[in-house]
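Given next are the chains, with one letter for each unit.
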Amino acid sequence: MRRYLLLSLTGLAALALAGCGGGGDKSGGALTKADFIAQANAICKDYDARIDALGEPGSIEDLVGLAEKAKPIAEDGVAKLRALKAPEDLQASYDEYLATGDVNIELLVQLGEVAKSGDVAAIEKIGTEGEDNADKAHGIAAELGLTECAK
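Treat the numbers as computed from the prediction; the structure is a model and nothing was measured. (Residues numbered from 1 in each chain as written. Predicted model: local features only at pLDDT ≥ 70, side-chain atom pairs only at ≥ 80, totals over all residues. Heavy atoms only, no water.)

Outline helix 2 (residues 33–52), supporting the account with residue identities and numerical values.
For an α-helix, the turn length of 3.6 residues means that residues three or four places apart are oriented alike. Compared with the 28 Å implied by 1.5 Å per residue over 20 residues, the 28 Å span of helix 2 between its first and last C-alpha is a close match. All of the buried residues along helix 2 are F36, I37, A40, N41, I43, C44, Y47 and I51. Buried residues along helix 2 cover an arc of 160° about the axis, so they all sit on one side. Opposite the packed face of helix 2, turned more than 90 degrees from it, sit the exposed residues A34, K45 and D52. (Helix = DSSP H or I, 4+ residues; strand = E, 2+ residues; numbered from the N terminus. Expected span 1.5 Å × (residues − 1). Buried < 20%, exposed > 50% of the residue type's maximum accessible area, 1.4 Å probe, protein only. Arc of directions from axis to C-beta.)

Talk me through the packing of aromatic side chains; I want residue IDs and the actual numbers.
The geometry of two aromatic rings is summed up by the distance between their centres and the angle between their planes. For the coordinates displayed, the defined rule picks out two aromatic pairs. Here F36 and Y94 contribute two aromatic rings whose centre-to-centre distance is 4.7 Å and whose plane-to-plane angle is 90°, an arrangement assigned as edge-to-face. Pair noted here: F36 is in helix 2 and Y94 is in helix 4 (residues 88–117), with a separation of 58 residues, a long-range link. Taking relative accessible area as the criterion, F36 reaches 0% and is therefore assigned buried. Considering the side-chain rings of Y94 and Y97, the 6.3 Å spacing of their centres and the 20° angle between planes classify their relative orientation as stacked. Separated by three residues within a single helix, Y94 and Y97 lie in helix 4, roughly one turn from each other. On the accessibility criterion, Y97 (1% relative accessible area) is buried. Feature note: the residues F36, Y94 and Y97 constitute an aromatic cluster, connected by ring pairs. (Phe/Tyr/Trp six-rings, centres within 6.5 Å; stacked < 30°, edge-to-face > 60°.)

Now, about the nonpolar core: what can you tell me, with residues and values included?
Here is a general trend for soluble globular proteins: nonpolar side chains tend to be buried in one another's company. Counting residues in each nonpolar core, the largest one holds 19 residues, and the members touching the most others are F36, L81, L84, Y94, Y97, L144 and L146. Looking at this core, the elements with two or more residues in it are helix 2, helix 4 and helix 5 (120–144). The biggest single contributor to this core is helix 2, with five residues. The contacts of Y94, once residues within four sequence positions are left out, are F36, L81, R82, L84, A86, L144 and L146. Grouped together as the second largest cluster of nonpolar side chains are 10 residues, I60, A115, I123 and I126 included. (Core = buried A, V, L, I, M, F, W, Y, C linked by side-chain atoms within 4.5 Å. Contact = heavy atoms within 4.5 Å.)

What follows is the structure, encoded as structure tokens:
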């Protein structure tokens, strides 16, 4: 299997986010910038560990299983990040960042379906879309100060 196929799934999964503790301010207000950054970075760091634990696919068949395992991790991560209340001045950019996670979850679903058919060209196309989405997400994360999420 070409390394590109591995990068396609890994890139998609890595973007989609996931989670650890955190959560918003119990009073319903926005977090301070420092708390927001710390909690989002912790979520992204935990997510990376969970995705890394899935291992690398050795075949297209493995890619199907990996996409299926990565999807709930991604959904969990996006949900945990969405639960954080960003400071008002960061909210618009953060909403855009979260939208990239939603796109990525859809790409994971598509990747799993296409991998079942063995269509390498379609897998590569989805991988390219995922890489473009990841680049966008990493740029937004860096602007927000989310260093772990920008990796």
